[in-house]
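The residues making up each chain are set out below.
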Amino acid sequence: MKNLLRPKMGLLALAGVVLTQVSAMATSLPRSISPQALAQEKGCFACHAIDHKVVGPAWKDVAAKYHHNLKYVPDLAKKIKNGNAGIWGPVPMPPQNVTQAQAEELARFILSLH
Ligand code: HEC
């Protein structure tokens, strides 16, 4: 019986190694198309961070304020494109140089943050 179990253990160990390698590959894939990379490229992080206030509100706080509800995507996308003022404090957010599609992608990403 013991001898029968051994190959299975070997297989399990092998599966573990393969899984670790696959996830390592996934994290090293280029992220140029991720919303986070887009935000980086568009300079959002000059004024925002995911989890703390900078000049603008933490994006997690924005997500919580709008209850992570995707029905706010058009509204937030519009504010990202056109700028906005008076919701989080006295500092206004200037209009951002993003396309409609990019603004929506960023809004969806922000609302998904927990
Ligand atoms: C120059 C600084 C600055 C930059 C750059 C900036 N923001 Fe903001 N952002 C702010 C400020 C300040 C506020 C709060 C405005 C207010 O109180 O209405 C804000 C608010 C927001 C909100 C919340 C709007 C709401 O209705 O609650 C979102 C979403 C947001 N920014 C996304 C972005 C994205 C995406 C980018 C990049 C494309 C970006 N911001 C770039 C300063 C900035």
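This text goes with the structure placed above it.
Residues numbered from 1 in each chain as written. Predicted model: local features only at pLDDT ≥ 70, side-chain atom pairs only at ≥ 80, totals over all residues. Heavy atoms only, no water.

(A) Inspection of the overall build of the protein chain at higher detail. Looking only at helices and strands, one finds 5 helices and 0 strands in the protein chain. Element order for the protein chain, N to C, with α for helix and β for strand: α-α-α-α-α. Burial status across the protein chain gives 25% buried among its 114 residues. Taking all contacts inside the protein chain whose residues are at least 6 apart in sequence as the whole, residues at least 24 apart take part in 49%. Entry remark: accessible area of the protein chain is about 8,000 Å², with carbon and sulfur atoms responsible for 64%. (Helix = DSSP H or I, 4+ residues; strand = E, 2+ residues; numbered from the N terminus. Buried < 20%, exposed > 50% of the residue type's maximum accessible area, 1.4 Å probe, protein only. Contact = heavy atoms within 4.5 Å. Areas by Shrake-Rupley, 256 points an atom, 1.4 Å probe, with all protein chains shown as cover.)

(B) Quick peek at the coordination of the iron atom of the ligand. Distances from the iron atom of the ligand to its protein donors, H48 (NE2) and M93 (SD), fall at 1.9 to 2.0 Å. For H48, a relative accessible area of 10% translates into the label buried. (Donors = N, O, S within 2.8 Å, 3.2 Å for Na, K, Ca; no water.)

(C) Up close: the pattern of salt bridges. The final tally for this structure, using the stated rule, is 1 salt bridge. A salt bridge links D75 to K79; the shortest N-O distance between them is 3.4 Å. Of this pair, D75 and K79 both sit in helix 4 (residues 73-82), 4 residues apart, roughly one helical turn. Looking at D75, the relative accessible area reads 33%, which means it is partly exposed. (Salt bridge = Lys/Arg side-chain N within 4 Å of Asp/Glu carboxyl O.)

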